Amino acid sequence: MRHWPLFDLRLTTPRLELRLPGPDDLDQLADRALEGVHDPERMPFFVPWTDLPSDELGGEVVRYQLGVMSRWRPEQWSCNFAVAHEGRVIGVQELSATDYAVTREVSSGSWLGLRHQGRGLGTEMRAAVLHLAFAGLDALTAVSDAFTDNPASLAVSRKLGYRPDGLSVQARRGERAVQQRLRLDRADFACPVPVRITGLEPCLPHFGLRP
């Protein structure tokens, strides 16, 4: 698309392709959410979106992703990549920023279908967007967070070089929950997998940058 080149942006790793989701990708994301993202007894997300009834969840996943794209502005953007593995969409990897041209700081979040967890794919997909941030968008820092009872997410952050950056307390499902903040400086990031970025240059103004 000439007026929305972000649909042509691709991040490719040995096992994954990350791209903005089209209609078929959105359908597959809704299917992955309905198949399960986490143990129902645990809630890894600040917003408990997976608690929605199954007859509402699929449509809400699609509406949310479309809403994220519709709200994109150069001064505040959220790039929610659909993550594809072996031709099948398996989850979402987000990279977002506010006033990025000034702050040069990105944040990330993600979810992965339950059947695709435990295989290192979560690390690979976050590494891909960090490579985009540091090598493609000239970021200086990246931040993330995870509840302290979410060891899988915290382990991914440790593998990629993040350091603890303080704690915050949140209300989660009506109960107190502690969140670990994390920070990664560009000098501390060594990408563990090769990442190929294609289609980035026409997208730079949408990230608040000059080509």
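Further up the page is the structure itself.
Owing to the predicted nature of the structure, the values given are computational and were not obtained by experimental measurement.

(A) Examining unusual backbone geometry more closely. The phi dihedral of Asp138 falls on the positive side, at around 60°, and the residue is not glycine. Summarising the element assignment, Asp138 is placed in the loop between helix H4 (121–136) and strand S6 (141–147). Residue Arg173 is not a glycine yet carries a positive backbone phi of 50°. Relative to the assigned elements, Arg173 resides in the loop between strand S7 (163–172) and strand S8 (175–185).

(B) Expanded view of the pattern of salt bridges. Enumeration according to the criterion identifies 15 salt bridges in this entry. Between Glu124 and Arg15 there is a salt bridge; the shortest N-O distance is 2.9 Å. Of this pair, Glu124 sits in helix H4 while Arg15 sits in the loop between strand S1 (10–12) and strand S2 (16–19), placing them 109 residues apart in sequence. The exposure class of Arg15 is partly exposed, given its relative accessible area of 33%. The salt bridge partner of Arg115 is Glu35, with a shortest N-O separation of 3.2 Å. One end of the pair, Arg115, is in the loop between strand S5 (105–112) and H4; the other, Glu35, is in helix H1 (residues 23–35), with 80 residues separating them in the sequence. Given the relative accessible area of 56%, Arg115 is considered exposed. By sharing partners, the salt bridges in this structure join Arg10, Glu17, Arg19 and Asp25 into a single network.

(C) Region of interest: the pairing of S8. Bridging between S6 and S8 involves seven bridges; their strand directions are antiparallel. By the bridge assignment, Ala146 is partnered in S8 with Gln180. In terms of strand pairing, S7 meets S8 through eight bridges, oriented antiparallel. Opposite Ala171, over in S8, you have Arg176 as the bridge partner.

(D) Seen up close, the packing of H1 against helix H2 (residues 54–70). The geometry of H1 relative to H2 is characterised by a closest axis approach of 9 Å and an angle of 140° between their N-to-C directions. When the axes of H1 and H2 are compared, the pair comes out oblique. For the pair H1 and H2, the crossing hand works out as right-handed. On H2, the residues that touch Leu26, Leu29, Ala30, Ala33 and Leu34 of H1 are Ser54, Leu57, Gly58, Val61, Val62, Gln65 and Leu66. Looking at the contact of H1 with H2 residue by residue, the classes come out as nine nonpolar, three polar and no charged.

(E) Highlighting the packing of aromatic side chains. Going through the model one piece at a time under the given rule, you end up with eight aromatic pairs. Relative to Trp111, the ring of Trp49 lies with its centre 5.4 Å away and its plane at 55°, an arrangement referred to as tilted. You can see Trp49 sitting in the loop between H1 and H2 and its partner Trp111 sitting in strand S5, a full 62 residues away along the chain. With centroids separated by 4.7 Å and ring planes inclined at 90°, the aromatic side chains of Trp77 and Phe207 adopt a geometry described as edge-to-face. One end of the pair, Trp77, is in strand S3 (residues 76–85); the other, Phe207, is in the segment after strand S9 (196–198), and 130 residues separate them in sequence. Judged by its relative accessible area of 2%, Trp77 falls in the buried class. Taken together, the aromatic side chains of Trp4, Trp72, Trp77, Tyr100 and Phe207 make up a single cluster linked through ring pairs. The aromatic ring of Phe147 is capped on one face by Arg172, whose charged end is 4.4 Å from the ring centroid.

Parameters and conventions
- Position numbers for residues start from 1 in each chain and track the written sequence from start to end.
- In view of the model being predicted, local features appear only for residues whose pLDDT reaches at least 70, and side-chain atom pairs are presented and counted only at 80 or more, with totals across whole chains, interfaces and linings using the full set of residues.
- Note that water and hydrogens are dropped before the side-chain values are worked out from all heavy atoms of the structure.
- In this description a helix means any DSSP run of H or I spanning at least four residues, a strand means any run of E spanning at least two, and both kinds are numbered starting from the N terminus.
- Think of a salt bridge as a Lys or Arg side-chain nitrogen and an Asp or Glu carboxyl oxygen that are within 4 Å of each other.
- The classification of residues rests on relative accessible area computed with a 1.4 Å probe and restricted to protein chains. Under 20% of the type maximum is buried, over 50% is exposed, and intermediate values are partly exposed.
- In this analysis, strands are considered paired if DSSP registers two or more bridges between them.
- Only the stretch in contact is used when a helix axis is fitted, and all axes are lines through C-alpha atoms; the angle between N-to-C directions ranges over 0 to 180 degrees.
- An angle below 35 degrees is read as roughly parallel, one above 145 as roughly antiparallel, one from 65 to 115 as roughly perpendicular, and any other as oblique.
- Handedness of a helix crossing follows the sense of rotation of the near helix relative to the far helix, less than a right angle counterclockwise being left-handed and clockwise being right-handed.
- What makes two residues a contact is simply this: any of their non-hydrogen atoms within 4.5 Å.
- In this count, Pro and Cys sit with the nonpolar residues alongside Ala, Val, Leu, Ile, Met, Phe, Trp and Tyr, while Asp, Glu, Lys and Arg are called charged and the others, Gly among them, polar.
- Pairing of aromatic side chains here covers Phe, Tyr and the six-membered ring of Trp, requires ring centres within 6.5 Å, and sorts the geometry by plane angle: under 30 degrees stacked, over 60 edge-to-face, intermediate tilted.
- Each ring is checked for a lysine NZ or an arginine CZ that lies within 6 Å of its centre and within 35 degrees of its normal; such an atom marks a charge sitting over the ring.

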